[in-house]
Protein chains: 2
Amino acid sequence: MKPGPRRSISQADIVDAAFEIFEEKGGDAVSIRGVAARLGLTPTAMYTYFTSKNALQRAMVEQVFSGVDLAAAGDPSLPWRARVQRLAADLRSRFAEHPGAIVLVASGPLDGRQAMSFGETLLAGFTSEGMPLADAARATAAVRAYVLGAITLDASDSGVDTDAADAPSALWTEATQHPLTEAARLLAADASSDPFASGLDRLLDGFGAAAAAN
Amino acid sequence: MKPGPRRSISQADIVDAAFEIFEEKGGDAVSIRGVAARLGLTPTAMYTYFTSKNALQRAMVEQVFSGVDLAAAGDPSLPWRARVQRLAADLRSRFAEHPGAIVLVASGPLDGRQAMSFGETLLAGFTSEGMPLADAARATAAVRAYVLGAITLDASDSGVDTDAADAPSALWTEATQHPLTEAARLLAADASSDPFASGLDRLLDGFGAAAAAN
DNA sequence: ACCTGAACACCGTTCAAGT
DNA sequence: ACCTGAACACCGTTCAAGT
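How each quantity is defined
- Throughout, a residue's number is its position along its own chain's written sequence, starting from 1.
- Here chains are named by letter from A upward and ligands by number from 1 upward, in the order in which they appear as written.
- A pLDDT threshold of at least 70 governs which residues receive local features in this predicted model, and a stricter bar of 80 or more applies before side-chain atom pairs are shown or counted, although totals over entire chains, interfaces and linings include all residues.
- The basis for the side-chain values is all heavy atoms of the structure; hydrogens and waters are excluded.
- Numbering of helices and strands runs from the N terminus; a helix is a DSSP stretch of H or I covering at least four residues, while a strand is a stretch of E covering at least two.
- Summary of the burial criterion: residues with accessible area below 20% of their type's maximum are buried, those above 50% are exposed, and those between are partly exposed, where the area comes from a 1.4 Å probe applied to protein chains only.
- Residues count as neighbours in contact if any of their non-hydrogen atoms are within 4.5 Å of one another.
- In this description, accessible areas are obtained by the Shrake-Rupley approach with a 1.4 Å probe, and a residue is regarded as covered only by the protein chains that are shown.
- Segmentation of the chain into domains, including their bounds, is taken from an automatic or database domain assignment.
- Just to be clear on terms, a salt bridge is a Lys or Arg side-chain nitrogen sitting within 4 Å of an Asp or Glu carboxyl oxygen.
- UniProt positions are given in the numbering used here, feature names are shortened, and annotations may be inferred rather than shown by experiment.
- Under this scheme, a helix contributes an axis fitted over its contacting stretch, all axes are lines through C-alpha atoms, and angles between N-to-C directions fall in the 0 to 180 degree range.
- Angular relationships are summarised with four words: roughly parallel below 35 degrees, roughly antiparallel beyond 145, roughly perpendicular across 65 to 115, and oblique for the angles in between.
- All amino acids are sorted into three groups, where Ala, Val, Leu, Ile, Met, Phe, Trp, Tyr, Cys and Pro are nonpolar, Asp, Glu, Lys and Arg are charged, and the leftover types, Gly among them, are polar.

## A short note on the overall build of chain A
The helix and strand inventory of chain A stands at nine helices and zero strands. Each helix and strand of chain A, ordered N terminal to C terminal, gives the series α-α-α-α-α-α-α-α-α. By the burial criterion, 43% of the 214 residues in chain A qualify as buried. Residue pairs at least 24 apart in sequence account for 68% of intrachain contacts in chain A once pairs closer than 6 positions are excluded. Roughly 10,500 Å² of accessible area belongs to chain A as shown, and the carbon and sulfur atoms make up 55% of that amount.

## Focus on the domain arrangement of chain A
As far as domains go, chain A holds domain 1 (11-51) and domain 2 (68-158 + 172-213). Put simply, the middle of domain 1 of chain A and the middle of domain 2 of chain A, counted by C-alpha atoms, are 30 Å apart.

## Remarks on the pattern of salt bridges
All names here are of chain A. Under the counting rule described, the total for this entry stands at 24 salt bridges over all chains. Its salt-bridge partner being arginine 92, residue aspartate 154 comes within 2.7 Å of it at the nearest N-O pair. Note that aspartate 154 is positioned in helix 7 (residues 133-157) and arginine 92 in helix 4 (residues 80-96), a separation of 62 residues in sequence. Among the charged side chains, a salt-bridge network with shared partners connects Arg81, Asp201, Arg202 and Asp205.

## Examining the UniProt feature "domain: HTH tetR-type" (unreviewed entry) in chain A
Listed under "domain: HTH tetR-type" (unreviewed entry) in the UniProt record, and renumbered for this structure, are residues 8-68 of chain A. The distance from the first to the last C-alpha atom of residues 8-68 of chain A is 29 Å, and the span holds 59% helix and 0% strand.

## Regarding the packing of helix 1 (residues 11-25) of chain A against helix 3 (residues 53-66) of chain A
Residue and element names in this part refer to chain A. Two elements in contact, helix 1 and helix 3, have axes whose closest approach is 10 Å; the angle formed by their N-to-C orientations is 90°. Judged by the inter-axis angle, helix 1 sits roughly perpendicular to helix 3. Residues Ile14, Val15, Asp16, Ala18, Phe19 and Phe22 of helix 1 form the contact with helix 3, whose participating residues are Leu56, Ala59, Met60, Gln63 and Val64. Residue classes in the contact of helix 1 with helix 3 are distributed as nine nonpolar, one polar and one charged.

What follows is the structure, encoded as structure tokens:
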């Protein structure tokens, strides 16, 4: 309990503690002081592990990306399209475990090692299908955008930070300003059809990625 | 200058002031107190206009979406595909005017009137092509995801909040851990090829949206 | 209705100092 | 190297009160 060079804790411990608070009280509640308190540390001790709150947030993003099984994307027994689907679904699942964590991606550069490896893996897969690098780069960019955007919409729809009171004037209960959106919502409710995979399939169709058996 | 019921200011003025600070000092620097000071108001006066900082941030998102020319999407002289491209590029441009503002989208539900109208417009366009509502809903979801994700990556790549000091350990200068990503980056540098529109085209191809003349 | 001033319970970060 | 304690310059939000 005395001060001194004791390295009582690791960077991973700090990231884990940060996610615990994130899950319990939401993203806005994650503070250097709060994480430090949970670990029995002084706020200033945190700066031994991370140079700033921003750096901690970047490490949190890396932790989410590190949960993606990139090795599975190299499995040659599966067609490439199936492996892209797996990769994409995997990343989406990892973010689903931390609702709202996608904001951390939007708030800074996505240049961590794990995040970079995700892109590299996509690029490797497309080129391995005989796709020229320039085309593979376009396909990779499109898939990355699609997946990140879908995760963003997941978070939006699941009501992250929905304080209800902050909602726009609630007179929409009367007449819907957006009839088609409403109709589509009702239609999707019982169909239990998750458009994520099919949308990605359409995107891969467009890029002429070798189609799976189906 | 005396207190009293003077409505010296509008909600739009507050949003504008918030964006001014956003542009000048970054998203983290936007505070209720700071915006109030810029307008010559007391922080507490702000709560007459917005119930919380969150509500202000939602209004900022709405302001960005309101800059999209939805009417242009109804122009019957253009094929629908061209109008989707226009809509998507327009939204992207509006966010490009406020680098980093995409975080505001990720941090709360996207249920403002302008944001909803954007989706409704996409839905209307796809169905007007004879696409069944269920398919149009999937296409709309995919396009929304693609565009929002692309905007997120725009912000990431343009180095929003890049403090340099927070960057992951900088030993990548030696040997690239991601050779394909690096090769693609070099390849794209001189080509000046913006993959945004072409990626969207591939997505629309996949959904079988009536192709334009090309 | 719109605004002020005081107050509460917090923040991130820096600095000098201890072991 | 790792940690503490004090301090600086801030936050969002609430409350009672004025016009």
